[in-house]
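Results of the structural survey
For reference, the chains in residue letters:
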Amino acid sequence: MTVEPVSTPSAVRPPDPAIHAAARERLAGLATPPGALGRLGDLACWVAATQGEVPPRPVDQVRAVVLAGDHGVTASGVSAFPSAVTPAMVRTFAAGRAGASVLAAQHGVSLRVLDLGVDDDLADLPDAVRAHKVRRGSGAIDVEDALSADETARALAAGRAIAAEEIAAGAQLLVTGDMGIGNTTPTAALVAASLGLPGSEVVGRGTGIDDASLVRKGEVVQAALDRAGDRVADPVERLAALGSADLAATVGFLVAAAQAGVPVLLDGLISVACALTADDLAPGASAWFAAGHRSTEPAQSLALEKLGLEPLLDLGLRLGEGSGALAAVPLVRSAALLLRDVALLSEVLG
């Protein structure tokens, strides 16, 4: 893979404000009581603005990508499961049997899994799964950087390339998914670094750790923040110090989608932490993101508040994989169709 230089992208233009205003006007003119569609109406106006059309087109082409990677910090006892689960789950995705696979199939969403940093060669899987691999695993962030500068650049470039592939395939809406045991630890660290918070305020139970492991997880995140120091002020340096190949690729994916004007439905902590980093890297990118659901991880709620995003669903989900966002896809589709197909009051009375 050719390594592209890492540079700070310029500010991202927002979805068309004139179209958004026109969508609000149409919403107000529907044959429904004022405000009756609630947040579905708000969502419909956002969809219209991202498409640049009123009424919006049906959101038929939804494409999801699960970016997988292992995290060296798992060895510090921050997860209830061993790293060996990651490659096993990638194979499960490839077989179409993971939780997100079922939801994607149910809702007619294209889904593929890609290995960015799994600590396994995955030689039994198709070459396409490994086409963007940066390295096996990542550094344990409490004692070392997750990635080198070159690896960070390659991961960001991979994410941009993956987004370009999905957009070229016709994506109207993108979904980010994740797979990687231990990944709530580096993402909690990314949120803490972005918001200037201590480790103890951002950690959650992830895969279901006990109280002692939760305390340990907070200590690990704080050690990572202390080790990285002032470097975290720069989002690329932050990814190198605290992230991983799959997380840096997710950031590159999100930035590329926003720059291309293709909206993204975010999932849980992993994608929201990366969205926060993407917005630091390319200011304004978050205007192209919607939050699919609220997870049980405290860092996700903190990041959502900073981004100004209100989740569409709040079901207590903590599966990851993109599952919460996939469960919310029907809401996005319904919102667009309501604004498109409900009669105008002037037509009813005319």
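Calculation notes
Residues numbered from 1 in each chain as written. Predicted model: local features only at pLDDT ≥ 70, side-chain atom pairs only at ≥ 80, totals over all residues. Heavy atoms only, no water. Buried < 20%, exposed > 50% of the residue type's maximum accessible area, 1.4 Å probe, protein only. Helix = DSSP H or I, 4+ residues; strand = E, 2+ residues; numbered from the N terminus. Pairing = 2+ DSSP bridges. Contact = heavy atoms within 4.5 Å. pLDDT = per-residue confidence, 0-100. 1 Å grid on protein atoms, 1.4 Å probe; cavity = no way out; pocket = protein on both sides within 12 Å on 5 of 7 lines; lining within 4 Å. Points joined across faces, edges and corners; volume = space filled by probe spheres on them. Axes fitted to C-alpha atoms, helices over the stretch in contact; angles between N-to-C directions. Salt bridge = Lys/Arg side-chain N within 4 Å of Asp/Glu carboxyl O. Expected span 1.5 Å × (residues − 1). Arc of directions from axis to C-beta. Polar contact = N/O pair within 3.5 Å; in protein donor to acceptor, adjacent residues only side chain to side chain.

**Quick word on the pairing of strand 3 (residues 173-179)**
Across the seven residues that make up strand 3, a large majority, seven, are buried. Both strand 1 (residues 62-69) and strand 3 contribute to a ladder of seven bridges, which runs parallel. For Ala64, the partnering residue across the bridge sits in strand 3 and is Val175. Two elements, strand 3 and strand 4 (residues 264-266), share two bridges in a ladder whose sense is parallel. Residue Val175 lies in a different strand from strand 4, and its bridge partner there is Leu265.

**Quick notes on the side chain of Thr74**
Tracing the sequence through the fold places Thr74 in the loop between strand 1 and helix 3 (85-94). Given a relative accessible area of 11%, Thr74 falls into the buried group. With residues near it in sequence (within four places) discarded, Thr74 still touches Ser79, Phe81, Ser83, Ile181 and Gly182.

**Considerations on the confidence of the model for the protein chain**
In the predicted model, the protein chain carries a mean pLDDT of 95, and the fraction of residues at 70 or more is 97%. Low pLDDT, under 50, characterises residues 1-7; the predicted model gives this stretch 12 contacts beyond four residues in sequence or across chains.

**Brief notes about the layout of surface pockets**
Of the voids in this model, the largest pocket is the one considered here, and its volume is about 470 Å³. For the lining of the largest pocket, the secondary structure elements donating two or more residues are helix 3, strand 3, helix 7 (184-195) and helix 11 (269-281). For the second largest pocket, the calculated volume is near 300 Å³. Lining the second largest pocket are 14 residues; nearest its centre among them are Trp46, Phe289, Ala290, Leu309 and Glu310. Only helix 2 (38-51) and strand 5 (289-291) provide two or more residues apiece to the lining of the second largest pocket. For the lining of the second largest pocket, the element with the most residues is helix 2, which contributes four residues.

**Description of the sheet that holds strand 2 (residues 110-117)**
Here we have five strands laid out as an open sheet, ordered 2-1-3-4-5, and parallel in their pairing. Strands with a single pairing partner mark the edges of an open sheet, and in this sheet they are strand 2 and strand 5. Averaged over all pairs of adjacent strands, the angle between strand axes in this sheet comes to 30 degrees, irrespective of strand direction. Running over the sheet, helix 3 touches strand 1, strand 2 and strand 3 and is turned about 155 degrees from strand 2. Contacts from helix 11 reach strand 3, strand 4 and strand 5, with the element oriented near 125 degrees to strand 4.

**Overview of the pattern of salt bridges**
Across all of its chains, the model carries 20 salt bridges by this definition. Put simply, Asp119 and Arg136 hold a salt bridge, and the shortest N to O gap is 3.0 Å. Here Asp119 is found in the loop between strand 2 and helix 5 (127-130), whereas its partner Arg136 is found in the loop between helix 5 and helix 6 (149-168), with 17 residues between them in sequence. With a relative accessible area of 42%, Arg136 lands in the partly exposed category.

**Details of helix 8 (residues 211-228)**
In a regular helix each residue adds 1.5 Å, so 18 residues correspond to 26 Å; helix 8 covers 26 Å between its end C-alpha atoms and thus fits that length. Residues Ser213, Lys217, Gly218, Val220, Val221, Ala224, Leu225 and Ala228 constitute the buried set of helix 8. Here the buried residues of helix 8 occupy an arc of 160 degrees about the axis, which is enough to place them on one side. Exposed residues on helix 8 whose side chains face more than 90 degrees from its buried face are Asp211, Ala212, Val215 and Asp226. Of the surrounding secondary structure, the elements contacted by the buried residues of helix 8 are helix 7 and helix 9 (235-242). The N-cap residue of helix 8 is Asp210: its side-chain oxygen and the backbone nitrogen of Ala212 are 3.4 Å apart.

**As for empty space enclosed by the protein**
Counted according to the given criterion, the structure contains three cavities of 30 Å³ or more. The computed volume of the largest cavity comes to approximately 50 Å³. In terms of lining residues, the largest cavity is bounded by Trp46, Val47, Thr50, Gln51, Val59, Gln172, Leu173, Pro263 and Val332. The leading source of residues in the lining of the largest cavity is helix 2, at four residues.

**Thoughts on the side chain of Thr187**
By the secondary structure assignment, Thr187 is in helix 7. Given the relative accessible area of 0%, Thr187 is considered buried. Once residues within four sequence positions are removed from consideration, Thr187 is found in contact with Leu247, Leu269, Ile270 and Ala273.

**Considering the environment of Asp210**
Here Asp210 shows up in the loop between helix 7 and helix 8. Asp210 gets classed as partly exposed once you look at its relative accessible area, which sits at 46%. C-alpha separation for the pair Asp210 and Gln61, spaced 149 residues apart in sequence, amounts to 41 Å.

**Here's the deal with the environment of Ala258**
Tracing the chain through its elements places Ala258 in helix 10 (residues 245-260). Classification of Ala258 as buried rests on a relative accessible area of 2%. For the pair formed by Ala258 and Ala282, sequence separation is 24 residues and the distance between their alpha carbons is 8.9 Å. Filtering out sequence-adjacent residues up to four positions away, Ala258 remains in contact with Val12, Ala285, Trp288 and Phe289.

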